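Single-letter residue listing:
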Amino acid sequence: MSHEQSNHNQQKDHQNHDHGQNSHQHNHEQDHDHEHQHGHGHEGHDHGAMVEDFKKRFYISLIVTLPILILSPMIQKFIGIDFSFPYDQYILFGLATFVFFYGGWPFITGAVDELKQKNPGMMTLIGLAIVVAYVYSSLVVFGWSGRNFFWELATLIDIMLLGHWIEMKSVMGASNALQELVKLMPNEAHRLKENGETEDVPLSELHSEDLVLVKPGEKIPVDGEITEGKSAIDESMLTGESMPVEKDVDDEVIGGSINKEGSLTIQVKKTGDDTYLSQVIELVQEAQGSKSRAQDFANRAAKWLFYLALGAGITTFIVWLALGYALDIALERMVTVMVITCPHALGLAAPLVVAVSTSLSAKQGLLIRNRTQFENARNIDAVIFDKTGTLTKGEFGVTNVISNKNEESEVLYWAASVEQNSEHPLARGILEKAREKEISLGKVEDFESITGKGLRGSVDGREVKVMSPGYMKDEGYTYDTDAFNDLSEEGKTVVFVLLDDQFIGMVAMADMVRDSAKEAIAELKSNGIHSVMLTGDNQKVANWVAEQLDIDEVYAEVLPDHKADKVKEVQSQGRKVAMTGDGINDAPALATADVGIAIGSGTDVAVETADIVLVKSNPKDIVSIVSLSKNTYKKMVQNLWWAAGYNIFAIPLAAGVLAPIGFVLSPAVGAVLMSLSTVVVAINAKLLKAE
């Protein structure tokens, strides 16, 4: 079902428009870590603008850092030049203040947010280092005895801005799943007036018991009951039922489904928040809200380094004072420790790996929307697949042609010839088979679609009918019932072909299984990953598909709003679950799973709700996700050890453990070590491989 079919440019009238748009809004800074980038109704800024903002802050701060380095006494001493002049330290203070507030602002506000949530991470660690360096260095400029750390402050801000910019550029923006769901509803309906005329009204003006007209090919605007007409209705994107469902008077219909054939008059039963689609929106919202606020690996490492910096700094201060040193010396040691604990390399350790793994995954046709969940993919031990559109193509194909005395190709010739004029999905399957067999078709005349029964037409001057089992039963035709029952048991749809009212054969069809799905499940099994199929389709169809694919577990006839519950059920067995789906009905389950994976050819809603999108719509790519996630995580751990390794070595020296033998780590040597660890981290990230 494509969005092009509905004009959704003016969603203002839709009552559900507010759903989720006010929820989970978080501000500019918090978003930088992508900690819970998953599915929020972001408004007020878009991801592209944030990337540009970081880029701009990085370049401007970098330019201002150059004179800071030149004016820093520590750097001058290190390279052996003396470039001092009256009031140079005040100019240095001014430049550093600009970098601190302009370049450091996202980190300061981000740190405040993390501390408010009592969850310190990368922002708090950076915030601590730059605030301590700035305040202490400012005191030094205005008379306190000691050395200023403005160069350290500026380079730290530059590298952290660069890291965040690289990372944000490589990871896609936040999701708009809820807005995409709202777009599925047409924004107007043809309401019937008492005199039988129709008027187009916005959905918000519809009331319970109103009558609306739905023409062939249109979306059904609301949940209701048919009072007049009958038709086949495509609910696949909403319920997962692969076959269009035949509906008659008194049957219920769902808003957002597509009326395929006849005109229908529908009595409105539910509007606004009570409709099926609104409930799906609510489920998605709840699932996204309750998804664990897991921090990514770099953030967890930063959290411990923050506590280490704080602890080591305070301990250093107390010990130096206790040893009888002056307050200014103890304070300088404390500041050195706190600043050194925030390694520049840490700012690049994760972003560089993320950038490399994102570009590797993009080449493999994987679109990573949520980095934290992608990192978690390495722990997956169960994959739940939606059937229709994921394991199967969502298209009907002919599986069997059983002829009654005639040749198979003859049965196909008559059936396909008359099906040329039909819009029904089954017709496409029969025509495809005829094309495959290179059967040239006859011209059809006097074509007629008999709703709920089948269709008829004249081909080569003979009357051809392609009819349903119900029609055969009503008309008392005899046919091979055993063969028919066997096919039905496999969940196949069977149509009967009549030539001049004589039964000449039957054609069985099923939603065709993707070859790639078969290979994907075999590969997952070899990796010890449990496969589960989840479908709204009936048990027979589900069992037939599961048998073809050798799937471990099957849940059939699952209502869309219960799919998320099934995901929770599998999670309750202690499994880490990935959910793969393509439809609106999968959105709550995708949001609930530990990792939500959407098939790229699916609906915008599924794609927007997922953490990872399979651009090539190939289920085999799930295996690639798991291996790439494992390799990415391994690389991050290595990088964080390189980054933190510098700290493990530098912190005790900065704290002065070797002071009794006359060795104290000078900030200049610290800077060289810091640069080396940053270079090692960058090279190591580039060595990441997909397999």
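The protein appears in an unreviewed UniProt entry as P-type Cu(+) transporter from Halobacillus locisalis. According to UniProt, the comment filed for the protein under the heading Sequence similarities (unreviewed entry) is "Belongs to the cation transport ATPase (P-type) (TC 3.A.3) family. Type IB subfamily." Looking at the protein in UniProt, the text filed under Catalytic activity (unreviewed entry) is "Cu(+)(in) + ATP + H2O = Cu(+)(out) + ADP + phosphate + H(+)".

Account for the overall build of the protein, with residues named and values stated.
Tallying secondary structure elements over the protein gives 25 helices and 22 strands in all. By the burial criterion, 59% of the 691 residues in the protein qualify as buried. Put simply, of all contacts in the protein between residues at least 6 apart along the chain, 71% involve residues at least 24 apart. For the protein, the exposed surface amounts to about 28300 Å²; the carbon and sulfur share of it is 54%.

Describe the environment of Asp621, naming the residues involved and giving the relevant values.
On the secondary structure map, Asp621 appears in helix 24 (residues 621-655). In this structure, Asp621 is in contact with Gln364, Gly365, Leu366, Leu614 and Lys616, ignoring residues within four places of it in sequence.

How would you summarise the UniProt feature "transmembrane region" (unreviewed entry) in the protein if you had to cite specific residues and measurements?
Mapped onto this structure's residue numbering, the UniProt feature "transmembrane region" (unreviewed entry) falls at residues 58-79, 91-112, 124-143, 149-166, 304-323, 335-362, 640-663 and 669-688. Span residues 58-79 is 95% helix and 0% strand, its end C-alpha atoms 25 Å apart. Secondary structure content for residues 149-166 is 94% helix and 0% strand, and the end C-alpha separation is 26 Å.

Help me get a handle on the sheet that holds strand 14 (residues 454-459), residues and values and all.
What the six strands build is an open sheet, ordered 12-17-16-15-14-13; its pairing is antiparallel. Of all the strands in the sheet, just strand 12 (392-403) and strand 13 (444-450) have a single pairing partner and so form its edges. Pairs of neighbouring strands in the sheet enclose a mean axial angle of 20 degrees, with direction left out of account. Pairing between strand 13 and strand 14: five bridges, direction antiparallel. Within the sheet, the bridge partner assigned to Glu448 lies in strand 14 and is Arg456. Running at roughly 60 degrees to strand 17 (residues 502-513), helix 20 (residues 539-549) makes contact with strand 12 and strand 17 of the sheet.

Run through the nonpolar core, naming residues and quoting values.
As a rule of thumb, soluble globular proteins bury nonpolar side chains together. One finds Ile130 and Leu153 to be the most contacted residues of the largest nonpolar core, which totals 103 residues. Among the elements that line this core, the one with the most residues is helix 5 (residues 122-141), at 13 residues. Each of domain 1 (45-182) and domain 3 (366-391 + 514-615) gives at least three residues to this core. Not counting residues up to four positions away in its chain, the partners in contact with Ile130 are Phe100, Gly104, Phe107, Ile108, Leu153, Leu156 and Ile157.

I'd like to hear about the pairing of strand 18 (residues 530-534), residue by residue, with values.
It is a general feature of regular strands that their side chains alternate between the two faces of the sheet. Taken across its five residues, strand 18 has five buried, putting it largely inside the fold. Covered by surrounding structure in strand 18 are His530, Val532 and Leu534 together with Ser531 and Met533, the residues of both alternating faces. For strand 18 and strand 19 (residues 553-555), the ladder comprises three bridges, and the chain directions are parallel. Following the sheet pairing, Met533 is matched in strand 19 by Val554. Assessed by its sense of winding, the connection that carries the chain from strand 18 through helix 20 to strand 19 is right-handed.

Before we move on, can you summarise unusual backbone geometry with the specific residues and values?
The phi dihedral of Asp446 is positive, around 50 degrees, even though this residue is not glycine. Within the secondary structure layout, Asp446 lies in strand 13.

Account for the packing of aromatic side chains, naming residues and giving values.
Summed over the entire model, instances satisfying the criterion amount to 25 aromatic pairs. Relative to Tyr90, the ring of Tyr87 lies with its centre 6.0 Å away and its plane at 35 degrees, an arrangement referred to as tilted. Residue Tyr87 is classed as exposed on the basis of its relative accessible area, which comes to 62%. Ring geometry for Phe93 versus Tyr134: centroids 6.2 Å apart, planes at 20 degrees, classification stacked. Of this pair, Phe93 sits in helix 3 (residues 88-103) while Tyr134 sits in helix 5, placing them 41 residues apart in sequence. A relative accessible area of 11% means that Tyr134 is categorised as buried. Every member of this aromatic cluster is reached through a ring pair, and the members are Tyr87, Tyr90, Phe93, Phe100, Phe101, Tyr134, Phe142 and Phe150.

Now, about the pattern of salt bridges: what can you tell me, with residues and values included?
Across all of its chains, the model carries 20 salt bridges by this definition. The shortest N-O distance in the salt bridge between Glu432 and Arg435 comes to 3.1 Å. In this pair, Glu432 and Arg435 are both assigned in helix 16 (residues 425-436), three residues apart and thus about one turn of the helix distant. The class of Glu432 is partly exposed, set by a relative accessible area of 42%.

Provide a residue-level description of helix 15 (residues 408-419), including the pertinent values.
The end-to-end C-alpha distance of helix 15 is 16 Å, a good match for the 16 Å that twelve residues give at a rise of 1.5 Å each. Burial runs high along helix 15: nine of the twelve residues are buried. Residues of helix 15 that are buried: Val411, Leu412, Tyr413, Trp414, Ala415, Ala416, Ser417, Val418 and Glu419.

Help me get a handle on the confidence of the model for the protein, residues and values and all.
When pLDDT drops low, the exact placement of atoms in the prediction is not to be read closely. Taken over all residues, the pLDDT of the protein has a mean of 79, while the share at 70 or more is 84%. The secondary-structure element of the protein with the lowest mean pLDDT is helix 7 (residues 177-183), recorded at 54, while helix 3 shows the highest, at 93. In this model residues 1-45 is a low-confidence stretch, pLDDT under 50, and it forms 124 contacts with partners more than four residues away in sequence or in other chains.

How would you sum up the packing of helix 3 against helix 4 (residues 105-116)? Please name residues and give values.
Direction vectors running N to C along helix 3 and helix 4 enclose 50 degrees, while the axes themselves pass 4 Å from each other. One finds that helix 3 runs oblique with respect to helix 4. Here Phe100, Phe101, Tyr102 and Gly103 of helix 3 come into contact with helix 4, specifically with Trp105, Pro106, Phe107 and Ile108. A per-class count over the contact of helix 3 with helix 4 returns seven nonpolar, one polar and no charged.

Describe the sheet that holds strand 10 (residues 366-368), naming the residues involved and giving the relevant values.
As summarised here, the arrangement of the seven strands in space is 10-22-21-20-11-18-19, forming an open sheet in which the pairing is mixed. Strands at the two margins of the open sheet, each flanked by one partner only, are strand 10 and strand 19. The average angle at which neighbouring strand axes cross in this sheet is 20 degrees, direction not considered.

I'd love a proper account of the pairing of strand 9 (residues 264-270), names of residues and values included.
Most of strand 9 is tucked away: five of the seven residues are buried. Bridge count between strand 3 (residues 211-214) and strand 9: four bridges; the pairing is antiparallel. Bridge pairing in strand 9 places Val214 opposite Leu264.

Explain helix 3 to me, and be specific about the residues and the numbers.
Across its 16 residues, helix 3 extends 22 Å between first and last C-alpha, which sits within 8% of the 22 Å expected from 1.5 Å per residue. Buried residues of helix 3: Asp88, Leu92, Ala96, Thr97, Val99, Phe100, Tyr102 and Gly103, and no others.

Rules used throughout
- Residues numbered from 1 in each chain as written.
- Predicted model: local features only at pLDDT ≥ 70, side-chain atom pairs only at ≥ 80, totals over all residues.
- Heavy atoms only, no water.
- UniProt positions renumbered as here; feature names shortened; annotations may be inferred.
- Helix = DSSP H or I, 4+ residues; strand = E, 2+ residues; numbered from the N terminus.
- Buried < 20%, exposed > 50% of the residue type's maximum accessible area, 1.4 Å probe, protein only.
- Contact = heavy atoms within 4.5 Å.
- Areas by Shrake-Rupley, 256 points an atom, 1.4 Å probe, with all protein chains shown as cover.
- Pairing = 2+ DSSP bridges.
- Axes fitted to C-alpha atoms, helices over the stretch in contact; angles between N-to-C directions.
- Core = buried A, V, L, I, M, F, W, Y, C linked by side-chain atoms within 4.5 Å.
- Domains from an automatic or database assignment.
- Right-handed = clockwise from strand over helix to strand, strands pointing away.
- Phe/Tyr/Trp six-rings, centres within 6.5 Å; stacked < 30°, edge-to-face > 60°.
- Salt bridge = Lys/Arg side-chain N within 4 Å of Asp/Glu carboxyl O.
- Expected span 1.5 Å × (residues − 1).
- pLDDT = per-residue confidence, 0-100.
- Parallel < 35°, antiparallel > 145°, perpendicular 65-115°, else oblique.
- Nonpolar A, V, L, I, M, F, W, Y, C, P; charged D, E, K, R; others polar.

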